[in-house]
Amino acid sequence: MNKNLKVLIAIIYLTCFGALLYGFFSFFDITQISNFAYIKDSTKVLIDLKNQNLIIFTVIFFIFTIVWILLLGFASPIALTTGFIFGKYFGTLVSVVSFTIGCTILYSLVSLYFRNLVLKFLPKKIYKFKNLFNKNEFFYFLMFRFTGGGGIPFAAQNVMPVIFDMKLKNYFYSTLLGLIPSLFVINALGEGIENIIKQNKDPSFIGIIIEPSIYIPLIGFFVILIVSYFIKKYLFK
């Protein structure tokens, strides 16, 4: 890739990232993060926007999520937000599909323009998966997604398959299916947080934990961790 194109991509990246940060800090006052009344009022604005026009709000959020993934953003905050705003079922649908599209676009761009850069900077421990994935790239990447990427950051997971030239179709479907369990649990947790805020009381830590809408997703999360441990132990030796 020539130098001018690299500079252009860097400018676009920094501009989009700066715009996202500006939008976030314009909407949220980070100094009020522990103020329950402030959190309740701020989140009500998002819920009201969604209720006014579900389709438009969903499309905007969908596009935002794709851009967020392209900017190498974390997955969990978005999944919590979709669960909070849309509920665990529709939120899971929105997050899984938008994550999958964003990840696939990112993987395509990296494969075309940044492959050598990724190969240079990816942690060496990732290379141990190369021979394993070459045996059955769809199945092993599906399991890799299900286990949360073996502790590898989400952004690195998304570009890792460039080391074994994974087919785009296999990447798309293994990501789509592999993300469902963990994103459903996180969305359920987001919905539980929204239910607590709707109760119009300042909750304590213990009060939050004993809520079924909170502890059931947490149990599901630990179940996924246990299953993931055994999958990693026997499949990703």
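The shown structure was predicted, so the numbers you read here are calculated from the model rather than taken from an experiment. (Residues numbered from 1 in each chain as written. Predicted model: local features only at pLDDT ≥ 70, side-chain atom pairs only at ≥ 80, totals over all residues. Heavy atoms only, no water.)

**As for the packing of helix 3 (residues 54-70) against helix 5 (residues 88-113)**
For clarity, the cut-off: Throughout, an axis means a line fitted to C-alpha atoms (over the contacting stretch in the case of helices), and angles, computed between N-to-C directions, take values from 0 to 180 degrees. The helix count covers DSSP runs of H or I at least four residues long, the strand count covers runs of E at least two residues long, and both are numbered beginning at the N terminus. Here roughly perpendicular refers to angles of 65 to 115 degrees, roughly parallel to angles under 35, roughly antiparallel to angles over 145, and oblique to all remaining angles. Two helices crossing with the near one rotated counterclockwise from the far one by less than a right angle form a left-handed crossing, whereas a clockwise rotation gives a right-handed crossing. Should any heavy atoms of two residues lie within 4.5 Å, those residues are counted as being in contact. Following the grouping adopted for this structure description, the nonpolar residues are Ala, Val, Leu, Ile, Met, Phe, Trp, Tyr, Cys and Pro, the charged ones are Asp, Glu, Lys and Arg, and the polar ones are all others, Gly among them.
Where helix 3 meets helix 5, the axes come as close as 8 Å, and the angle between the chain directions of the two elements is 40 degrees. Considering their axes alone, helix 3 and helix 5 lie oblique with respect to each other. Once helix 3 is placed against helix 5, the crossing between them reads as right-handed. Each of L54, T58, F61, F62, T65, I66, I69 and L70 in helix 3 lies in contact with helix 5, whose residues at this interface are F90, V94, V97, S98, F99, I101, G102, C103, I105, L106 and L109. Across the contact of helix 3 with helix 5, the residue classes tally to 15 nonpolar, 4 polar and no charged.

**Looking at unusual backbone geometry**
Note the threshold: Burial classes follow relative accessibility: with a 1.4 Å probe on protein chains only, a residue under 20% of its type's maximum area counts as buried, one over 50% as exposed, and anything between as partly exposed.
Although it is not a glycine, L72 sits at a positive phi angle of roughly 65 degrees. Structurally, L72 can be placed in the loop between helix 3 and helix 4 (76-86). Overall, L72 belongs to the partly exposed group, its relative accessible area being 42%. Of note, the phi angle at D165 is positive, near 50 degrees, even though the residue is not glycine. Position of D165 relative to the elements: it lies in the loop between helix 9 (154-159) and helix 10 (168-178).

**Overview of the nonpolar core**
Threshold: Among buried residues, those of type Ala, Val, Leu, Ile, Met, Phe, Trp, Tyr and Cys that are joined through side-chain atoms within 4.5 Å constitute a nonpolar core.
One finds I85, F99, F133, F141, F154 and M160 to be the most contacted residues of the largest nonpolar core, which totals 38 residues. Within the residue set of this core, elements represented by two or more residues are helix 2 (36-52), helix 3, helix 4, helix 5, helix 7 (130-135), helix 8 (137-146), helix 9 and helix 11 (180-198). With 7 residues, helix 5 is the single largest residue contributor to this core.

**Remarks on the pattern of salt bridges**
Rule in force here: Only one rule defines a salt bridge in this text: a Lys or Arg side-chain nitrogen within 4 Å of an Asp or Glu carboxyl oxygen.
For the structure on display, the rule yields 1 salt bridge. We note a salt bridge from K88 to E191, for which the minimum N-O separation is 2.9 Å. With K88 in helix 5 and E191 in helix 11, the pair connects residues that are 103 residues apart, well separated along the chain.

**With respect to the packing of aromatic side chains**
This is how the line gets drawn: Within 6.5 Å between ring centres, the rings of Phe, Tyr and Trp (the latter by its six-membered ring) count as paired, and their orientation is classed by plane angle as stacked under 30 degrees, edge-to-face over 60, tilted in between.
Under the definition given, this model contains 13 aromatic pairs. Between F57 and F61, the ring centres sit 6.4 Å apart and the planes meet at 25 degrees, which makes this aromatic pair stacked. On the criterion of helical spacing, the pair formed by F57 and F61 is a turn pair, its members being 4 residues apart in helix 3. The pair F57 / F61 is uniform in exposure class, with both members buried. Between Y89 and F184, the ring centres sit 5.8 Å apart and the planes meet at 40 degrees, which makes this aromatic pair tilted. One end of the pair, Y89, is in helix 5; the other, F184, is in helix 11, with 95 residues separating them in the sequence. A relative accessible area of 30% places F184 in the partly exposed class.

**Comments concerning the packing of helix 3 against helix 4**
Interaxial distance between helix 3 and helix 4 falls to 12 Å at its minimum, and their mutual angle equals 175 degrees. What the angle tells us is that helix 3 and helix 4 run roughly antiparallel. Residues L54, F57, T58, F61, F64, T65 and W68 of helix 3 form the contact with helix 4, whose participating residues are I78, T81, T82, I85 and F86.

**Let's talk about the side chain of N187**
Relative to the assigned elements, N187 resides in helix 11. Among the residues examined, N187 registers a relative accessible area of 0% and is labelled buried. When neighbours within four sequence positions are excluded, N187 is seen to be in contact with A79, T82, G83, G87, K88, G91, T92 and S95.

**Overview of helix 10**
As a reminder of what qualifies: The arc under discussion is defined with respect to the helix axis, by the directions toward the C-beta atoms.
Among all positions in helix 10, only N170, Y171, S174, T175 and G178 are buried. One side of helix 10 holds all its buried residues, which, seen down the axis, span an arc of 120 degrees. Buried-residue contacts for helix 10 involve helix 5, helix 8, helix 9 and helix 11.

**Quick word on the side chain of N170**
Relative to the assigned elements, N170 resides in helix 10. In this structure N170 touches E137 and F138, once residues within four positions along its chain are discounted.

**Observations concerning the confidence of the model for the protein chain**
Here is the rule: Along the chain, pLDDT gives the predictor's confidence residue by residue, from 0 to 100.
Confidence in the prediction of the protein chain, expressed as mean pLDDT, is 77, and 68% of residues score 70 or more. Taken element by element, the predicted model of the protein chain shows its lowest mean pLDDT in helix 12 (residues 205-209) (60) and its highest in helix 10 (92).

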